[in-house]
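# A structural walkthrough
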Amino acid sequence: MADQTARAFRRILDNAGSVRLSADDATKKLRRMILVDGIPTSVDPTLRPRIWKILLKVNEIDADEYLEYVSRGPPEVREKIRNDTHRTLKKDFDFHERVSETMIIRLLDAFEWRCRDREGFQSLDFSYVQGMNVLSAPFLYTLPSEIEAFYCFSKFIEEACPLYVQPTLEGVHRGLNLLDRCLRIVDEELFTYLRKKKVSAEIYAFASTMTLCANTRPLDQVLQLWDFLLAFGVHLNILCVIAQLFLMRDDLMTSKSPGTLLYKFPPFNAVDVIGIAVTLVRDLPADLYDELVRHPFERPPLAR
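A few points on the structure.

Calculation rules
- Residues numbered from 1 in each chain as written.
- Predicted model: local features only at pLDDT ≥ 70, side-chain atom pairs only at ≥ 80, totals over all residues.
- Heavy atoms only, no water.
- Phe/Tyr/Trp six-rings, centres within 6.5 Å; stacked < 30°, edge-to-face > 60°.
- Helix = DSSP H or I, 4+ residues; strand = E, 2+ residues; numbered from the N terminus.
- Buried < 20%, exposed > 50% of the residue type's maximum accessible area, 1.4 Å probe, protein only.
- Patch = residues over 30% accessible without salt bridge, like charges linked within 9 Å, V, L, I, M, F, W, Y side chains within 5 Å.
- Areas by Shrake-Rupley, 256 points an atom, 1.4 Å probe, with all protein chains shown as cover.
- Salt bridge = Lys/Arg side-chain N within 4 Å of Asp/Glu carboxyl O.
- Lys, Arg positive; Asp, Glu negative; His and termini not counted.
- Charge placed at Lys NZ, Arg CZ, Asp CG, Glu CD.
- Core = buried A, V, L, I, M, F, W, Y, C linked by side-chain atoms within 4.5 Å.
- Contact = heavy atoms within 4.5 Å.
- Axes fitted to C-alpha atoms, helices over the stretch in contact; angles between N-to-C directions.
- Parallel < 35°, antiparallel > 145°, perpendicular 65-115°, else oblique.
- Left-handed = near helix turned anticlockwise from the far one by under 90°.
- Polar contact = N/O pair within 3.5 Å; in protein donor to acceptor, adjacent residues only side chain to side chain.
- Expected span 1.5 Å × (residues − 1).
- Disulfide = S-S within 2.5 Å.

### Here's the deal with the packing of aromatic side chains
If you walk through the whole model with that rule in mind, you get 14 aromatic pairs. Arranged with centres 5.6 Å apart and planes meeting at 45°, the rings of Phe228 and Phe232 form a pair that is tilted. With a gap of four residues between them, Phe228 and Phe232 both fall in helix H14 (residues 219-232), about one helical turn apart. Under the relative-accessibility criterion, Phe228 is labelled buried at 3%. Phe232 gets classed as partly exposed once you look at its relative accessible area, which sits at 24%. Ring pairs connect the aromatic residues Trp52, Phe111, Phe126, Phe139, Phe153, Phe156 and Trp226, which therefore count as one cluster.

This is the structure:
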């Protein structure tokens, strides 16, 4: 079965952007297969990087440009970067066998120089903020080269979740507010119990929201979750965090100190989390879901 699924993915990838299969149609097919079948990376490990590049619409890789950024040396924010990089997925030995701290620093340095070159030419400016080191990790682990990881990471930050990496982390805080509001609708009993215990999303879900669950183990399940988020939108991470609460619900509701249980989220199974998250979508009012969709990249209109 996995072999057949891998062949089906390869057919789409090989024909994507051709006369036979437009890029948009290929993306639609990939999204459907990711949701229904998942990417069989154990059969063909080359599938995920190819799929991620299509989902992110990364069509051009300029090695000379990346090397030029790297050749400039440390940017002004290098100390901030170094303060975080040594903590990136610190206890994940598989990750560190493949990705060195030097690679993370080099990629984030290059992104900083890219941002400086583009200042004033984009609707939003960027500079290194806490959490970018963890957001870079799945790309460095998955993509076959550091250069490809850089361009995928850059496209992801600039287009998928730009408000998550503004200096005030405004997108993250809006996401946490939305998490509380969504939880109140889909499980008012759990929401009320956590509030009674003075446990809000700002307390227990900050890291999971800021890093799109990349801080949670195991890494192979994080990557499977990211397949889903890259296919359907990073806003769904908010519902994925709620799904993890649902999987802990009995323990949370019987605990005198649920905040202690939520201090560090337990390992998760991506299929279970995604399955719950998808069902939660239909429980949300249309206007709230629209706000959820837009919060990583669009500021709300100013109140009159």
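### Focus on a positive patch on the surface
Together, Lys90, Lys91, Arg217 and Lys264 make up a region of like positive charge exposed at the surface. By the secondary structure assignment, Lys90 is in the loop between helix H5 (78-85) and helix H6 (93-98). Here Lys90 falls in the exposed class, since its relative accessible area comes to 56%.

### A few points about the nonpolar core
Within the largest apolar cluster, 107 residues are counted, with the highest numbers of intra-cluster contacts made by Phe139, Phe156, Ile157, Tyr204 and Trp226. Other than its neighbours up to four places away in sequence, Ile157 contacts Phe111, Phe126, Met132, Leu135, Pro162 and Val165.

### Details of the packing of helix H1 (residues 2-15) against helix H3 (residues 47-55)
Closest axis-to-axis distance for the H1/H3 pair is 11 Å, and the angle between their directions is 40°. Taken together, the axes of H1 and H3 lie oblique to each other. For the pair H1 and H3, the sense of crossing is left-handed. Seen from H1, the contacting residues are Ala6, Phe9, Arg10, Leu13 and Asp14; seen from H3, they are Leu47, Arg50, Ile51 and Ile54.

### Brief notes about the side chain of Glu112
One can find Glu112 in helix H7 (residues 101-118). Polar contacts involving the side chain of Glu112 include one to the side chain of Ser127, which spans 2.8 Å. Not counting residues up to four positions away in its chain, the partners in contact with Glu112 are Pro75, Val77, Ser127 and Tyr128.

### Overview of a nonpolar patch on the surface
Taken together, Leu35, Val36 and Val278 make up a surface patch of nonpolar side chains, about 250 Å² in accessible area. Checked against the element boundaries, Val278 lands in helix H18 (residues 270-281).

### Notes on H7
Along its 18 residues, H7 runs 26 Å from first to last C-alpha, staying within 8% of the 26 Å computed at 1.5 Å per residue. For H7, the full list of buried residues reads Met103, Ile104, Ile105, Leu107, Leu108, Asp109, Ala110, Phe111, Glu112, Trp113, Arg114 and Cys115. Buried residues along H7 sit in contact with helix H4 (63-71), H5, H6, helix H8 (132-142) and helix H9 (146-160).

### Section: the state of the cysteines
With the rule as written, the count across this model stands at zero disulfides. Distance from the sulfur of Cys213, which forms no disulfide, to the nearest cysteine sulfur (Cys240) is 6.4 Å. According to the relative accessible area criterion, Cys213 is buried, its value standing at 0%. On the basis of relative accessibility, which here comes to 0%, the residue Cys240 falls in the buried class.

### Notes on the side chain of Arg48
Position of Arg48 relative to the elements: it lies in helix H3. Apart from the residues within four sequence positions on either side, Arg48 is in contact with Ile39, Thr41, Thr142, Leu223, Gln224 and Asp227.

Shape is all these values report; function is a separate question.
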